[in-house]
Amino acid sequence: MKRAIFLAKKAPNPSPNPKVGAVVLRNGKIVGEGFHEKAGEPHAEILALRQAGKRANGSELFVTLEPCHHLGRTPPCSREILAAGIKKVWIGMRDPNPKARGGIEFLQKNGIEVEVGILESECRELNQIWLKNISKKIPFVTLKLAVDEQSSTLPPAGKKWITNEKSRREVMKMRRNFDAIAVGVGTILADNPRLTVRGLKITKQPTRIIFDPNQRMPRSAGVLNDGGKTIVISRKEFPNFNLRKILQNLFKKGICSIFLEGGEFTARKFLEADLVDQVLIFQKNARGVPRVCGRKLALKKVGEFDEDVLFEAKLRKY
């Protein structure tokens, strides 16, 4: 199951689908494995079974999520598992989606032994974005900030960034995991950022979301003129600018996850509205735990990039 979880993490963002990894084991040896890369592509179980071929007959299958039992963009995995002759299936967690679940009962009724709950907490952690989408019908929001020794988000005079190049490279990797990158209009006016993933392999660029209540963004802004997809949100569409309703509307448009960057003003508004699920803070020359918009959060050190330290806080779990 650890190998299946490792494989699942290889897909940065299969939105709106979950991350899933699968391994076929025969006589203690891996004979097939796979992971679901993006919506519309084969599921992890199918790829693992294809790689195993005839060796799947009489083997065991490890999969991080209950095999689907519905006809969507791809055929039901449960029936493919039965047809392949798998004798036992080890499952990380049940599928909470009522449209897809039922694979466990189908396999059991057809004589296949099933064990559920293998490394379940790790499998749930793998799919926090998807689990929130299923249960709350709203995007998962990760707030990312860069701060100096005094927890200020303002770069030094004459400088564009607080953090170093290694930290900025890590941010590029993080951006790949989200459907959208969001900032307030103040960030656009101050930096005219591109808000793209650069230097890494991706299937598509995240959508850019600009919160611009009073329509201050100039038409010359780079995010409006590079051919990428940008959504500008103003009071014209949302007169009272209710952030929760805005996120619900974005979810209906297919935005399942948001990487919230930019300055302290927008970060504070999202925190006040209780819309942040995860906080990531890069601090330069960290001495202790930084504050987040004046707040003390349960931040943990999770990485170092030369003189920069990365802290994380998980504000809720799904």
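To keep things clear, this report deals only with the structure shown in the data block. (Residues numbered from 1 in each chain as written. Predicted model: local features only at pLDDT ≥ 70, side-chain atom pairs only at ≥ 80, totals over all residues. Heavy atoms only, no water.)

**Thoughts on the overall build of the protein chain**
If you tally the helices and strands in the protein chain, you get 10 helices and 13 strands. Against the compact-globule benchmark of 20 Å for 318 residues, the protein chain has a radius of gyration of 22 Å, which places it among compact chains. Residues counted as buried form 48% of the 318 residues belonging to the protein chain. Looking at the protein chain alone, contacts between residues at least 24 apart form 67% of all its contacts between residues at least 6 apart. A total of about 16,100 Å² of accessible surface is found on the protein chain, and carbon and sulfur atoms cover 48% of it. Separation of charge centres in the protein chain, based on 58 positive and 33 negative side chains, amounts to 3 Å. (Helix = DSSP H or I, 4+ residues; strand = E, 2+ residues; numbered from the N terminus. Rg over C-alpha atoms; globule rule 2.2 N^0.38 Å. Buried < 20%, exposed > 50% of the residue type's maximum accessible area, 1.4 Å probe, protein only. Contact = heavy atoms within 4.5 Å. Areas by Shrake-Rupley, 256 points an atom, 1.4 Å probe, with all protein chains shown as cover. Lys, Arg positive; Asp, Glu negative; His and termini not counted. Charge placed at Lys NZ, Arg CZ, Asp CG, Glu CD.)

**Observations concerning the environment of Ala-48**
Summarising the element assignment, Ala-48 is placed in helix α2 (residues 44-52). By relative accessible area, Ala-48 is classed as buried at 0%. Taking the C-alpha atoms as reference points, Ala-48 and Phe-62, 14 residues apart in sequence, are found 9.7 Å from one another. Filtering out sequence-adjacent residues up to four positions away, Ala-48 remains in contact with Ala-22, Val-24, Gly-32, Glu-33 and Gly-34.

**Quick look at the sheet that holds strand β5 (residues 113-116)**
Taken together, five strands build an open sheet; the order of strands is β2-β1-β3-β4-β5 and the sheet is mixed. Each edge of the sheet is formed by a strand with only one pairing partner; in this case those strands are β2 (29-35) and β5. Within the sheet, the average angular offset between the axes of one strand and its neighbour, ignoring direction, is 15°. Direction of pairing for strand β1 (residues 21-26) relative to strand β3 (residues 60-65): antiparallel, over a ladder of four bridges. (Pairing = 2+ DSSP bridges. Axes fitted to C-alpha atoms, helices over the stretch in contact; angles between N-to-C directions.)

**Side note on the side chain of Gln-278**
Note that Gln-278 resides in strand β11 (residues 278-284). On the basis of relative accessibility, which here comes to 16%, the residue Gln-278 falls in the buried class. A distance of 2.7 Å separates a polar atom in the side chain of Gln-278 from a polar atom in the side chain of Thr-142. Beyond its immediate chain neighbours, meaning those up to four positions away, Gln-278 contacts Phe-140, Val-141, Thr-142, Leu-143, Glu-312 and Ala-313. (Polar contact = N/O pair within 3.5 Å; in protein donor to acceptor, adjacent residues only side chain to side chain.)

The values are spatial; any link to function lies outside them.
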